[in-house]
Each structure stands twice: as structure tokens, then as C-alpha cells.
Amino acid sequence: MTKKFDFSVLVPVYHKDDPIFFEQALTSIYCDQTVKPSEVLILVDGPVGKKIEGVINDWKTRYPEIVNIVQLRENIGLGGALSIGLESCSYELVARMDSDDIARYDRFEKQLARFESDPNLIICGSNVSEFILNHQEVTGERKVPMGIKGIAKFAIYRNPINHPTVMFKRLNIIDEGGYRPMPYFEDYYLWVRCIMAGFSIHNIQENLVFMRGGESQLARRSGLDYVLYEWKFLRELKACGFLSFSKFVLVLFSRTVARVAPAFILKKIYSRLRV
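In short, a report on the structure. Note on numbering: residues in each chain are counted from 1, in written sequence order. Given that the model is predicted, a residue must reach a pLDDT of at least 70 before its local features are reported, and side-chain atom pairs must reach 80 or more before they are shown or counted; all residues, however, enter totals for whole chains, interfaces and linings. Note that the side-chain values use all heavy atoms of the structure and ignore hydrogens as well as water.

1. Details of the environment of Ile204
Put simply, the rule is: Only runs of H or I of at least four residues qualify as helices and only runs of E of at least two qualify as strands under DSSP, and these elements are numbered from the N terminus. Throughout, a residue-residue contact means that at least one pair of heavy atoms, one from each residue, lies within 4.5 Å.
Looking at the secondary structure, you find Ile204 in strand E9 (residues 200-212). Placed 78 residues apart in sequence, Ile204 and Ser126 show a C-alpha to C-alpha distance of 4.4 Å. When sequence neighbours within four positions are dropped, the list of residues in contact with Ile204 reads Lys110, Gln111, Cys124, Gly125, Ser126 and Asn127.

2. Some words on the packing of helix H7 (residues 186-196) against helix H9 (residues 224-239)
So the rule is basically this: In this analysis, axes come from line fits to C-alpha atoms, helices being fitted only over the stretch in contact, and the angle between any two N-to-C directions falls in the range 0 to 180 degrees. Oblique is the label for any angle not under 35 degrees, not over 145, and not in the 65 to 115 range, which are roughly parallel, roughly antiparallel and roughly perpendicular in turn. Under the scheme applied here, ten amino acids are nonpolar (Ala, Val, Leu, Ile, Met, Phe, Trp, Tyr, Cys and Pro), four are charged (Asp, Glu, Lys and Arg), and all others, including Gly, are polar.
Contact geometry of H7 with H9 gives a least axis separation of 11 Å together with a crossing angle of 10°. As the angle between them shows, H7 and H9 are arranged roughly parallel. Contacts between H7 and H9 pair Tyr188, Tyr189 and Val192 from the former with Phe233, Glu236 and Leu237 from the latter. Looking at the contact of H7 with H9, its residues break down into 5 nonpolar, no polar and 1 charged.

3. Side note on the nonpolar core
Soluble, globular proteins show a tendency: their nonpolar side chains are buried together. Put simply, the test is: We call a set of buried Ala, Val, Leu, Ile, Met, Phe, Trp, Tyr and Cys residues a nonpolar core when their side-chain atoms join them within 4.5 Å. A 1.4 Å probe rolled over the protein chains alone gives each residue an accessible area, and that area as a share of the maximum for its type sets the label: buried under 20%, exposed over 50%, partly exposed in between.
Ranked by internal contacts, the top residues of the largest apolar core, which has 39 residues, are Ile123, Phe168, Ile173, Ile201, Phe233, Leu237 and Phe242. Element by element, the count of residues in this core is highest for H7, at 7 residues. With sequence-adjacent residues up to four places away left out, Ile123 is seen in contact with Phe115, Ile161, Val166, Met167, Phe168, Ile173, Trp191, Cys194, Phe199, Ser200, Ile201 and His202. Among the nonpolar cores identified, the runner-up in size contains 32 residues, and Phe7, Val11, Leu121 and Met167 belong to it.

4. Remarks on the pairing of strand E2 (residues 39-44)
Our working rule: At least two bridges found by DSSP between two strands is the condition for calling them paired. For the handedness criterion, the strands are oriented away from the viewer, and a crossover whose path from the first strand over the helix to the second runs clockwise is classed as right-handed.
With respect to burial, E2 is a largely interior element, 6 of its 6 residues being buried. Of the two faces of E2, the one holding Glu39, Leu41 and Leu43 and the one holding Val40, Ile42 and Val44 are both buried throughout. Sheet topology note: the strand E1 (residues 7-13)/E2 ladder contains 6 bridges and is parallel. Bridge pairing in E2 places Val9 opposite Val40. At this point the chain moves from E1, through helix H1 (residues 19-29), to the parallel E2, and the crossover so formed is right-handed. Here E2 pairs with strand E3 (residues 67-71) via 5 bridges, running parallel. Bridging from a neighbouring strand, Val44 pairs with Gln71 of E3.

5. Points about the side chain of Asp17
Which entries qualify depends on this criterion: Under this definition, polar contacts are N or O atom pairs within 3.5 Å; protein pairs additionally need one hydrogen-donor-capable and one acceptor-capable atom, and for neighbouring residues in sequence, both atoms have to be side-chain atoms.
Looking at where Asp17 falls in the secondary structure, it is placed in the loop between E1 and H1. Classification of Asp17 as buried rests on a relative accessible area of 17%. Within polar-contact distance, the side chain of Asp17 engages the backbone nitrogen of Tyr14 at 2.9 Å. If sequence neighbours within four positions are ignored, Asp17 has contacts with Pro12, Ile52 and Ser99.

Written out as C-alpha cells, the structure is:
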């Protein structure tokens, strides 16, 4: 496929990331793609170790015209960092990528074709495959609705867009306020506001990204601290009118029970629902 759109890929990285996984992620979004990005913007969220610095420097040396680096002096968290990264991207279309995931070889080809066929489209995501060690050994998948009606309904209960899969129009996202402070839920909060703003959103019904899962992912989504952040997020959805009082109570109760449940129960819930 001939590339008809210039686009950036925004990849945040911080000191706790694995340099090997980071290298694999970068390779998957550039070297392995049928349609390559015009820019890979690596957003360095505060000081990182020498190994990650080595990966960044190597990529900048190999692809000086493609790779751009935005270095933050201190770690400010994903939401704030992504807002800065979004402002720094050179092109109108921006694809997100996490530093430990792997993009399928035709991810960008599929998404660009969707933008070409629908000029009104603002956000395009996809389903994901989950893996633990080897992305060729898939352990599960997270499916999300295709069209805006299904996405809006799904969003009442769960995040309707797989964040590491998205490609969107940068200025529309910035105009909607971008990534606002909402720890653990920055992207979910953004999608809800975009739904309420009437944005055209589509999820491709293919697994275009391999997302790393496992016990560490479950640990990040459980415990009292996570519950408190989730309560704050759900209260905001109620305050802005996205959740009715009855839906707020239902979702708050069900999600709180899941978060404080023993790990083996949360694992079963997650395997069924991908909460």
C-alpha cells in the first residue's frame, strides 16, 4: 500500500520499562510495518537508565530523520506526558504505542485505509491479542465494539477503546482537552469526552496489536489505591452526565468488588471481561 498520509507514532517510555521490550515495540512500529510512519516521537518521561538510553540513542542514530526525542526533566506521569507528546508531534494523524507491546505488521496500513475511506473519522482503534512472553503464543484477546453506538454503550461499563491501538486526529483531541489528569484512567476519560462531543469513532474488528499481559498487569488493576482512583473517575463520569445515578452505583459496586477480590478471582473476572 502506498502511504497517502503522513503520521506520527507517539511512544512514551520511563525508567521502569524493559529495554528489550522497548526495542521490540520500536521494531514492530517501524521496521516491520507495511506502511511506515513519517515520525516516531519517543517521549522520555523523566530520567531513564543507561540501557533505555542506549536503545533511544541507537534508534536516533539509525533513523535521524524519523526519530524525534522529547525529554522531560522529571517523571510527571502518563497523562501529563502524553499531553506534551501530543503537542510535539509533527503530523495531524497520531498513532499511540506502548513501550512493551508489539504492533501487527499491517496495523498502520489497516488504520490509514479506514481514515481514507471515512474523512469524518476522528479515532480508530482495534481489538488486541494478549500474550505473556511470546506474542506468537496468544493467551487471550480484548474485543471492543466496532461502531459509535456500541462504543458509547460499552463505555458505561468498561473502557471502549484499546488505548495502545489508537490512531487519531491530533487537533481534534487537543481541542477536546487531550489527556487530563486522571491516574490510571486518562485514556478512558478522554474517550468518554470524545463520545459526548459526538466524534466519529471506529474499532477495526481485527487484533492489530499484541498487548503484554500477565500477573503484573493484574496487580496494577487491583488494590485499595486503584479503587480510590476508580471512584474518583466514576464520580467525574456522573458529574459530567455520562453516567446516571443508578448506573454510577451499579458500576461502582461491581468494579470495587472486582478490585478488592483475591487475585485468583480477579484473574477469572479479567479473563472473561478484560476490565
